[in-house]
Amino acid sequence: MNAVLYWTSTIAKSAYILVFPLTLAFFLAWAERKQSAVMQDRIGANRAKFLGRPFLGLVHMVCDAVKMFVKEDFVPDSGHRVLHTLAPFLAMFFALITFAVIPFGYQLTIAGETIGLQVADLNVGILFIFAMASLGVYGMVLAGWSSNNNYALLGGIRASAQMISYEICIGMTIIGAILALGTLSMQDLVIRQGYHYFGWLPRWGVLLQPLGFLLFFIAGIAETKRVPFDMPEGESEIIGFNLEYSSMKFAMFLFTDFIETVLIAAVTVTLFFGGWQIPWLFESGFVWPWGGGWEIHPNVVNILRMAAFAAKVTFFCWLMMAIRWTLPRFRYDQLMDLGWKWLLPLSLANIVVTALVVLLVN
Amino acid sequence: MGSATVKLTIDGREVEVPSGTRVIEAAKKLGIEIPHYCYHPALSIAGSCRMCLVEIEKFPKPAISCHTVAADGMVVHTDSGVAKQARAAMLEFLLANHPLDCPICDQAGECKLQQYYMTVGQYDSALLDNKVKKSKAKIIGPHVMLDSERCILCSRCVRFTDEISKSHELGIFNRGDHSELSNYPGMSLDNPYSGNVVDICPVGALTDRDFRFKVRVWYLDSAPSICHGCARGCNIRVDYLTRRLHHNDGKRIARFKPRFNPEVNGHWICDAGRYSYKTLEDEDRLYNPRVTDGNGDNPGWNAITGRIADALSSHISEYGVGSVAVIASASMTNEEMWAARQLFYDGLKIEKIAWRIPPGPDDIDDDLLIRADKNANTFGAEQIFGPMTHAADVQQVLDKIAEGKIKAWIVLDRDLSPAFGEEKIRKLTGGLKFSLYAGSHLHATSRSCRFLLPTAVFTEKEGTITNFSGRVQYFPLVVPPLGDALPMLEALSRLSAALKLEPISTDPGAVFTALAGDIAHFKGTSYAELIKRWAPISKIPS
Amino acid sequence: MAVQNIIKVAARRREATLGFWERVYIFEVVRGLWITTEHFVGNLYYHILKLFGIIKVHPLTPTIQYPEEQRTLAPRLRTLHRLVRREDGSPRCVACMMCETVCPALCIKIVAAEGDKPQIEKRPKSFDIDMGRCIFCGYCVEACPEDAIRMDTGILDIAAYSREGMVLDIDTLLSLQPAQRRTDKEVDELQRRLLQ
């Protein structure tokens, strides 16, 4: 591959993988208001107007951004100034870096060269995700500690306890998926979900690992620290680790939540819903299970696949938002009960059963 | 007949009264108030309102209790069906032409018509005819306004002008429902007691022009006090406002009303005393301690008493104590005079304490209440300052200042300019090395002094005063002093402390006890007893 | 002790009323999601119709777009006061202080003055209502012997930038107009809406 194409494609991919979650997160912040309103028979934010029109409430997002930028950036006198400033950047960084191993498409062929639609095709991509997600908790803990505020510190500690509890579950369910699909590479995981049972039923991870999906999704929501698992920040009371944050630093924590929502949705899609796969769509076009098919140019196929990935991620974002606006918050003991007494044993059982099945089938 | 007392039964209770007593008074003795408008114990009996109808057994019809003389064995029912019906019918009759003026009437709230309608009236009006229109808001004198429509023709005011003030300004003219109270042509209700007709008017026909629309009476609180207008010491009721100070032009004292005391003033007070409340909170009040030369604005009590003490001590050491004179007000309380004597005579050894100013040529004793001496406590001053001072007359002090023998004066709450002329006072004070004024108001005398201490007016302090006949009367604090003003007793006490002299108590009771132990006139009188007896009558010392 | 008992009883009751499938929770979550999703989809449908101008009013959303839209006020609702004028334009108020006296919030301050016309003996020189203190009890209206004060302006959005700004003076109070009188049909419609 020539160097020019290599670098341009890499930069373009990086840009895509940066812009995609951020854009989606932006719209999630909007959806937080509008979706909840629509669910609750309300109208939702519509007072901020541009040229006399509210643009579905999107003007509010711009206003929010302006507000966040111009507000006073407050650091507690007795807090640790450096760590206090570093914390939101850490949180956001680890949330964004994880997208590097997410395959958002298969490959494009440009000027005879094949470009894999993934920023870093690590052969241990899944472990990378695991590692980065674990590091993300440092943002919260540092934020809580460096604020020198009891409430914030307790929020940080709640965050770390919750993240550790649920990361174990995430790890265990991922192992189940890996066992079932037999690879650690993210791209391979998706490729292996492209087969069909009986010629028509897509072999998506959710079929192989229904319990695994459920456990992963629940733990994933817990990882995003949003309702019903929002004890770390106490969103409705703002009495969590981000208590002493204001202006853009607060906005970064807020945004991190939305990026993590996108991330969990993306990982869920990749592991359990076929990633960029579209049922019956192969490299050369659609092949209908009842015979016949459509011939489509491979590049168009891959663009369709990228769109499919985006659509799937958007759907899961919607679902997580719907859950967030449907369920009440758990009590902290219930949260711990759920994590340690239900999710962990179930995921362990899932591994054992999966391993046995894999052993027997092979 | 012929016996000194008669026994009669009123509402089933027996009562013994001197013969000749009217039934209404006999009932009062039993604590039964018979509704009445025209009857007034100090006036002759008119029997015109017919409101005091009672049922008397063996009488063919209800009889007016104000005119019926109590007789032996009489059985009176004030609460029977006949009496009640008679009263209600009488009230309806009186109200037949009474306008619905209550919202704008100053009497509302203390109106006998309202009061009796609620207690003995409560009928449904059967009146179909239009009410008779008469003149409204007619000015009949400098202090009194007449609303003929509201008048129920009880003639109390007419009898007052005939019998008490003997000025005969008022009369009732025309006949039937056109009868109308008015002043005689060419006469104005301007006798010195004209305000009393407002007090005795049971309805809102005669109202006070001065009090007009100032404040509704139900916002007022009342306290008993003693008028400081002249040496009579009339017993008064002070009506004052504590909340809603947007009424009454923001002033707390709204009016003076007479308080019944048969041994001093009866039911009346003079107009001069009635309207003397205006000076209590006028714009000339001194609110803060001041030094009139140099950095003079409000140094505060502690600083100014210290400066006064320094200035006075250095003056005495330079010119001698003989160059200092005290001019006291003869309106100060007995306690304040005693404290002034302690401070200036016993403490500083000042022997010239002057208080006496002869009355002006216009001031004369009249045969009702007014005294020529316009100071409330001249008698007390004679008793307390008299024995020790070497200059009782203010004139003497002024002469000595003119001669240059007196170089400093201390004026206690007194304006000398009305008696001696502003020019003279200003000229004399120009030559003084030290001048201190402690008093309630700013005027020509106080403005020419160097140090000014604000003190309370009489409604803002408690104490006793002695009237011209030697009667000691107690009056309580009504409202707290304005601004930084303090009662004179407290001001003298602070001055004494700053001069490092014998401490002076700020408690009038304690000072009075000390005073009563020393001055013969007050011997055997206790402050507590004065307080206990101030409301009805105060004690005449033996 | 008592509190612990209450907690125990509450826990027992909860356990008694919840079946196994409810306690598993996951199915209840799905059920709850189903309800919210139903609302979401239904509302979204009408929102889209409204967005493209096919319908004017969203049938499922009770939101009133205040202040552009305002709900019909009940005919007897007590709103901002106004002072009524006589036929000749002068205030009806005679400064009798009944309202000031009866006001439990002490928000009315009247200063009386001699009337400025021969037929008016007493008039209010100033008449201030501190809307910051008013509790809208309507006693002033009840107490007024002259029908001079009414609370029928229909104005409810009373706001100011300072406490002093909340004090309405006599000129303001006299300048206020009564709210539009509603027809019987409107009142019926209103009652129907309120009873829903």
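This text gives an overview of the structure that appears in the document. Please read these numbers as outputs of a predicted model, since none were measured by experiment.

1. Description of the overall build of chain A
Okay, step 1: Assigned secondary structure in chain A consists of 11 helices and seven strands.
Okay, step 2: Against the globule reference of 21 Å for 362 residues, chain A gives a C-alpha radius of gyration of 21 Å, in line with a compact fold.
Okay, step 3: Viewed in the frame of its principal axes, chain A has a C-alpha envelope of about 65 × 55 × 50 Å.
Okay, step 4: Relative to its full complement of 362 residues, chain A shows a buried share of 53%.
Okay, step 5: On chain A, the mean spot of the 22 positive side-chain charges and the mean spot of the 22 negative ones are 6 Å from each other.

2. So, the packing of aromatic side chains
A ring pair, where both rings are aromatic, is described by two values, the distance of the centres and the angle of the planes.
Okay, step 1: For the structure on display, the rule yields 48 aromatic pairs over all chains.
Okay, step 2: Of note, Arg324(A) hangs over the ring of Trp325(A), and the distance from its end group to the ring centre comes to 4.1 Å.
Okay, step 3: For the cation-ring pair, Arg371(B) lies above Phe468(B), with the distance from its terminal atom to the ring centre recorded as 3.8 Å.

3. Side note on the interface of chain C and chain B
Okay, step 1: Taken together, the 18 residues of chain C in the interface contact 14 residues of chain B.
Okay, step 2: Carbon and sulfur atoms supply 56% of the area buried between chain C and chain B, which totals about 1,400 Å² over both sides.
Okay, step 3: Salt-bridge contacts for Glu121(C) lead to Arg212(B); the nearest nitrogen and oxygen are separated by 3.1 Å.
Okay, step 4: Summed over the shared surface of chain C and chain B, the result is 10 residue pairs in polar contact (both at pLDDT 80 or more).
Okay, step 5: In terms of residues, the side of chain C that touches chain B owes the most to one element, strand S2 (residues 108-117) of chain C, which gives six residues.
Okay, step 6: Counted by class, the side of chain C that touches chain B contains 11 nonpolar, one polar and six charged residues.

4. Comments concerning the sheet that holds strand S19 (residues 451-454) of chain B
Residue and element names in this part refer to chain B.
Okay, step 1: With respect to topology, six strands assemble into an open sheet ordered S14-S19-S18-S17-S15-S16, the strand pairing being mixed. With partners counted over all chains shown, the strands left at the sheet margins are strand S14 (290-291) and strand S16 (352-354), one partner each.
Okay, step 2: In this sheet, S19 lies alongside S14 in antiparallel orientation, the contact comprising two bridges. Directly across from valine 291, in S19, lies its bridge partner phenylalanine 451.
Okay, step 3: Helix H8 (residues 334-347) rests against strand S15 (324-328), S16 and strand S17 (408-412) of the sheet, and its axis sits at about 170° to S17.

5. Structural notes on the sheet that holds S2(C)
Residue and element names in this part refer to chain C.
Okay, step 1: One open sheet holds the three strands; their spatial order is S2-S3-S5, and the pairing between them is antiparallel. Strands with a single pairing partner mark the edges of an open sheet, and in this sheet they are S2 and strand S5 (167-168).
Okay, step 2: In this sheet, S5 lies alongside strand S3 (residues 120-130) in antiparallel orientation, the contact comprising two bridges. Paired with aspartate 130 across the bridge in S5 is valine 167.

6. What to know about the state of the cysteines
Residue and element names in this part refer to chain B.
Okay, step 1: Under the counting rule described, the total for this entry stands at zero disulfides over all chains.
Okay, step 2: Here cysteine 38 stays free of any disulfide, with the sulfur of cysteine 49 as its closest cysteine sulfur at 3.7 Å.
Okay, step 3: With relative accessibility at 1%, the residue cysteine 38 sits in the buried group.
Okay, step 4: The closest cysteine sulfur to the non-disulfide-bonded cysteine 234 is located on cysteine 230, 5.9 Å from its own sulfur.

What counts, and at which threshold
Residues numbered from 1 in each chain as written. Chains lettered and ligands numbered in written order. Predicted model: local features only at pLDDT ≥ 70, side-chain atom pairs only at ≥ 80, totals over all residues. Heavy atoms only, no water. Helix = DSSP H or I, 4+ residues; strand = E, 2+ residues; numbered from the N terminus. Rg over C-alpha atoms; globule rule 2.2 N^0.38 Å. Buried < 20%, exposed > 50% of the residue type's maximum accessible area, 1.4 Å probe, protein only. Lys, Arg positive; Asp, Glu negative; His and termini not counted. Charge placed at Lys NZ, Arg CZ, Asp CG, Glu CD. Phe/Tyr/Trp six-rings, centres within 6.5 Å; stacked < 30°, edge-to-face > 60°. Lys NZ or Arg CZ within 6 Å of the ring centre and 35° of its normal. Contact = heavy atoms within 4.5 Å. Buried area = accessible area lost by both parts, 1.4 Å probe. Salt bridge = Lys/Arg side-chain N within 4 Å of Asp/Glu carboxyl O. Polar contact = N/O pair within 3.5 Å; in protein donor to acceptor, adjacent residues only side chain to side chain. Nonpolar A, V, L, I, M, F, W, Y, C, P; charged D, E, K, R; others polar. Pairing = 2+ DSSP bridges. Axes fitted to C-alpha atoms, helices over the stretch in contact; angles between N-to-C directions. Disulfide = S-S within 2.5 Å.

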